[in-house]
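Remarks on the overall topology
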Amino acid sequence: MLPTYVLITPARNEAKFIELTIESVVAQTVRPLRWVIVSDGSTDGTDEIVRKFTDTHDWIELLRMPERSERNFAGKVHAFNAGRARTADLAYDVIGNLDADVSFGEGHFRDLVSKFAEHPQLGVVGAPFREGSYQYDYRFTNIENVWGGCQLFRKECFESIGGYVAIPGGSIDHIAVVSARMKGWRTRTFTESVCLHHRIMETAQNGGLRAKFNYGAKDYAVGNHPLWELFRAVYQMKQRPFVIGGLALAVGYFWSMIRRVPRRVSNDLVAFTRREQMQRLSGLSDRKSLVRLAWPFKNKAIVGGGIR
């Protein structure tokens with residue numbers, strides 16, 4: 001028997017893509033018990049699009065939040081929590097965070113929730129994402145990372161980590177997944193299906209080099225090891241914008257380090273993150289993969305993001 005699940009979608013001005021997301025969920029062979037779409041102060045017609053579907057699907061609910069001037073990830077967590085509160089009357093096994101700018105095949109959630117039944121220690125699951133022709137290559141990317149655009153948590157796991165942490169600067173999805181592993185849960189990306197991500201990441205507010213810089217700053221904020229970040233930056237040089245993108249990533253990280261920017265995560269999480277990263281670097285060294293990762297213009301046929 002498949003685990004039951006609910007979905008929460010914080011959406012702020014997502015009129016451009018949200019209909020694709022709704023159509024994908026409506027087409028699922030196994031639908032959620034309830035899907036709460038939280039309009040986080042949207043002003044672009046998002047609500048009107050959602051209402052077209054709530055009129056005909058009683059398991060979809062629109063929750064309207066007050067308008068706010070700032071846009072940050074803490075607000076997204078508050079919207080998610082408001083949506084989660086609307087599911088308190090339901091008995092479910094899995095809770096999912098779904099972005100409002102993705103689409104996927106009709107068996108997507110059936111396949112993912114089935115993994116919880118097959119593997120009792122799984123706490124978080126997800127699928128890879130693709131942006132145009134761009135997709136991480138999971139030969140070189142940690143399969144235990146779970147992309148935040150579609151994360152499914154076993155209910156007990158989500159409760160054990162205290163849910164998402166409301167950090168304005170972001171990385172809330174990454175922190176949740178690492179926290180789950182700290183608590184002894186397994187986390188896994190299953191590559192059998194793929195989410196299509198229709199907005200290029202970080203372009204809601206920033207783009208290009210600024211986005212890379214921000215990623216580096218986030219990497220520092222969540223405790224990435226400096227050596228890990230160097231390999232990550234060099235590997236990223238093979239992605240557009242070539243070379244300077246990786247440099248921007250490194251500058252973002254080390255500029256935060258020089259300024260001693262306060263971290264919003266615990267020392268225990270930083271230590272756990274660094275221990276995992278050093279173990280992975282050691283494993284890559286055993287497979288002579290560090291050479292492939294450190295030389296940015298080899299293996300051009302590889303599509304992916306490499307070290308994360």
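**Topic: the side chain of Thr189**
- Note that Thr189 resides in strand E10 (residues 186-189).
- Side-chain polar atoms of Thr189 contact the backbone oxygen of Asn145, separated by 2.4 Å.

**Overview of empty space enclosed by the protein**
- In this structure the tally under the stated criterion is one cavity of 30 Å³ or more.
- Taken together, Asp111, Leu112, Lys115, Ala127, Phe190, Glu192 and Ser193 form the lining of the largest cavity.
- The class makeup of the residues in the lining of the largest cavity is three nonpolar, one polar and three charged.

**Some points on the packing of aromatic side chains**
- As enumerated under the stated definition, the model contains 10 aromatic pairs in all.
- Arranged with centres 5.2 Å apart and planes meeting at 85°, the rings of Phe80 and Tyr164 form a pair that is edge-to-face. With Phe80 in helix H3 (residues 73-85) and Tyr164 in the loop between helix H5 (155-160) and helix H6 (172-182), this pair connects stretches of sequence that are 84 residues apart.
- Classification of Phe80 by relative accessible area gives buried; the value is 2%.
- On the basis of relative accessibility, which here comes to 7%, the residue Tyr164 falls in the buried class.
- Among the aromatic residues, those joined into a ring-pair cluster are Phe80, Phe153, Phe158 and Tyr164.
- The cationic tip of Lys155 hangs over the ring face of Tyr92; the distance from NZ or CZ to the ring centre is 4.5 Å.
- Above the ring of Phe190, the side-chain terminus of Arg188 is found at 5.1 Å from the ring centroid.

**Some points on the sheet that holds strand E9 (residues 150-154)**
- In spatial order, the strands read E3-E2-E1-E4-E9-E6-E10; together these seven strands make up an open sheet with mixed pairing. Whereas interior strands pair on both sides, the edge strands pair on one side only; in this sheet they are strand E3 (60-65) and E10. Neighbour-to-neighbour, the strand axes of the sheet open up by a mean angle of 20°, direction not taken into account.
- Relative to E9, strand E4 (residues 94-98) runs antiparallel, the two sharing five bridges. Within E9, the residue paired with Asn97 across the bridge is Gln151.

**Focus on the sheet that holds strand E8 (residues 134-135)**
- With mixed pairing, four strands are arranged side by side in an open sheet as E5-E11-E7-E8. One side of each edge strand has no neighbouring strand; the edge strands of this open sheet are strand E5 (102-103) and E8.
- Strand direction decides the pairing type here: strand E7 (residues 129-131) and strand E11 (residues 195-197), joined by two bridges, are parallel. Bridged to Arg130 within E11 is Leu196.

Analysis parameters
Residues numbered from 1 in each chain as written. Predicted model: local features only at pLDDT ≥ 70, side-chain atom pairs only at ≥ 80, totals over all residues. Heavy atoms only, no water. Helix = DSSP H or I, 4+ residues; strand = E, 2+ residues; numbered from the N terminus. Polar contact = N/O pair within 3.5 Å; in protein donor to acceptor, adjacent residues only side chain to side chain. 1 Å grid on protein atoms, 1.4 Å probe; cavity = no way out; pocket = protein on both sides within 12 Å on 5 of 7 lines; lining within 4 Å. Points joined across faces, edges and corners; volume = space filled by probe spheres on them. Nonpolar A, V, L, I, M, F, W, Y, C, P; charged D, E, K, R; others polar. Phe/Tyr/Trp six-rings, centres within 6.5 Å; stacked < 30°, edge-to-face > 60°. Buried < 20%, exposed > 50% of the residue type's maximum accessible area, 1.4 Å probe, protein only. Lys NZ or Arg CZ within 6 Å of the ring centre and 35° of its normal. Pairing = 2+ DSSP bridges. Axes fitted to C-alpha atoms, helices over the stretch in contact; angles between N-to-C directions.

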